[in-house]
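# Breakdown of the fold
Okay, here's what each chain looks like letter by letter:
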Amino acid sequence: MKKYDVTALGELLIDLTQNGMSPQGNPMLEANPGGAPCNVLALLTKLGHNTAFIGKVGKDGFGDQLEDALKEVGIATEGLGRDDQVHTTLAVVHTFADGDRDFSFYRNPGADMMLTKEEVKMDLIRDSKIFHFGTLSMTDEPVRSATYAAIEEAEKNGVLRSFDPNLRPPLWKTLEDAKVQVLYGMAHCDILKISDNEIQWLTGLEDFDEGINWIKERFPQIRLILLSMGKDGSRAYSGETMAEAGGFTVDTIETTGAGDTFFGGVLHYVLEHELRSYTEEELKEMLTFANAGAAIVTTKKGALRVMPSQQEIQALIDGK
């Protein structure tokens, strides 16, 4: 028996999100705990799974807030390091009228980039069913080498690997650099989640099914591919089986964390049913649950501390 269902490595940061205006007419920013890998873990923890995080924050007030937030939601923190030279990474979130958003990062460098491979607690990875990672921990050294070492440890020990490219163009020196790392992640994962705009950017193909085939031809070891399409829903590909599920209509405030919540919902299904060849009906069940969770989180500010419960998700599904 493994101690953890999922261990993730990557960025833990503060999302500075606008929350009203001051009496002087200035935007007021709320410091929300965030970071894609921890958002995934937060939903999984809310759904009853044991999770752990590997990463680094600054030895500062924001770092304290983030460590406290992980403990509050129940994510194990023994893999979290503190850097006394580099501050916690910040992301200023600009939200558009439709709830979509843009990011400005204060990360040159940020503490999440300073994790070294010697600091990665490999025992957490060995003692997990799934190891989850993205590309923000692959933009720069030393955290890129730390990520590679963690992936290698997971592979050696038969731990399933889930990967979300989570492309953030401002963080890359060039998009060609980003492409190299995305392809590396795809070569070393069992479960892949990719968004509609990411697959078109990566493959150069407008048609989603053609883009999926492009990936499957190059990376046949990927056993489950998820395609997120925002409010249009999502698709899943398991072997030769494909399924699609529509999104849910909700009063969206902002979409921060929606993709992470979706992926967390998928990993919940995998943990409950094991990774295998799924039928179309099973894939639709998986996607519907994940879509509902993602929809709910868009009705709230932030993500990590406001993940929906199993009951909330089921209520939205039942009320559709």
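Everything that follows concerns the structure shown earlier in this document.
So, here is what we can say about the structure in this document. (Residues numbered from 1 in each chain as written. Predicted model: local features only at pLDDT ≥ 70, side-chain atom pairs only at ≥ 80, totals over all residues. Heavy atoms only, no water.)

## Remarks on helix H6 (residues 196-203)
Here is the rule: Residue burial is assigned from relative accessible area. The probe radius is 1.4 Å, only protein chains are included, and a residue is buried under 20% of its type maximum, exposed over 50%, and partly exposed in between. Per the convention used, a helix needs a DSSP run of H or I reaching at least four residues, while a strand needs a run of E reaching at least two, with both numbered from the N terminus. Arc definition: directions from the helix axis to the C-beta atoms.
Residues of H6 that are buried: Glu 198, Ile 199, Leu 202 and Thr 203. Along the long axis of H6, the arc covered by the buried residues comes to 105°, so they all point the same way. Once H6 ends, the next one or two residues include Gly 204, with phi positive near 75°.

## Side note on the pairing of strand S5 (residues 76-83)
Cut-off, in case you're wondering: Two strands qualify as a pair provided DSSP detects at least 2 bridges between them. A crossover counts as right-handed when, viewed with the strands pointing away from the observer, the path leading from the first strand over the helix to the second turns clockwise.
Summarising the sheet, strand S4 (residues 51-58) and S5 pair through six bridges and their orientation is parallel. Bridge pairing links Ile 54 to Gly 79 in S5. With respect to chirality, the unit in which S4 leads through helix H2 (residues 61-73) into the neighbouring parallel S5 is right-handed.

## With respect to the packing of helix H8 (residues 258-273) against helix H9 (residues 280-297)
The condition is simple: Where helices are involved, their axes are fitted lines through C-alpha atoms of the stretch in contact, as for all axes, and angles between N-to-C directions lie from 0 to 180°. By definition, turning the near helix anticlockwise from the far helix through less than a right angle yields a left-handed crossing, and turning it clockwise yields a right-handed one. Here a residue-residue contact requires only that any non-hydrogen atoms of the pair lie within 4.5 Å.
Contact geometry of H8 with H9 gives a least axis separation of 8 Å together with a crossing angle of 145°. Viewed along their axes, H8 and H9 form a crossing whose handedness is right-handed. Mapping the contact onto sequence places Ala 258, Thr 261, Phe 262, Gly 265, Val 266, His 268 and Tyr 269 in H8 and Glu 282, Glu 285, Met 286, Leu 287, Phe 289, Ala 290, Asn 291, Gly 293, Ala 294 and Val 297 in H9.

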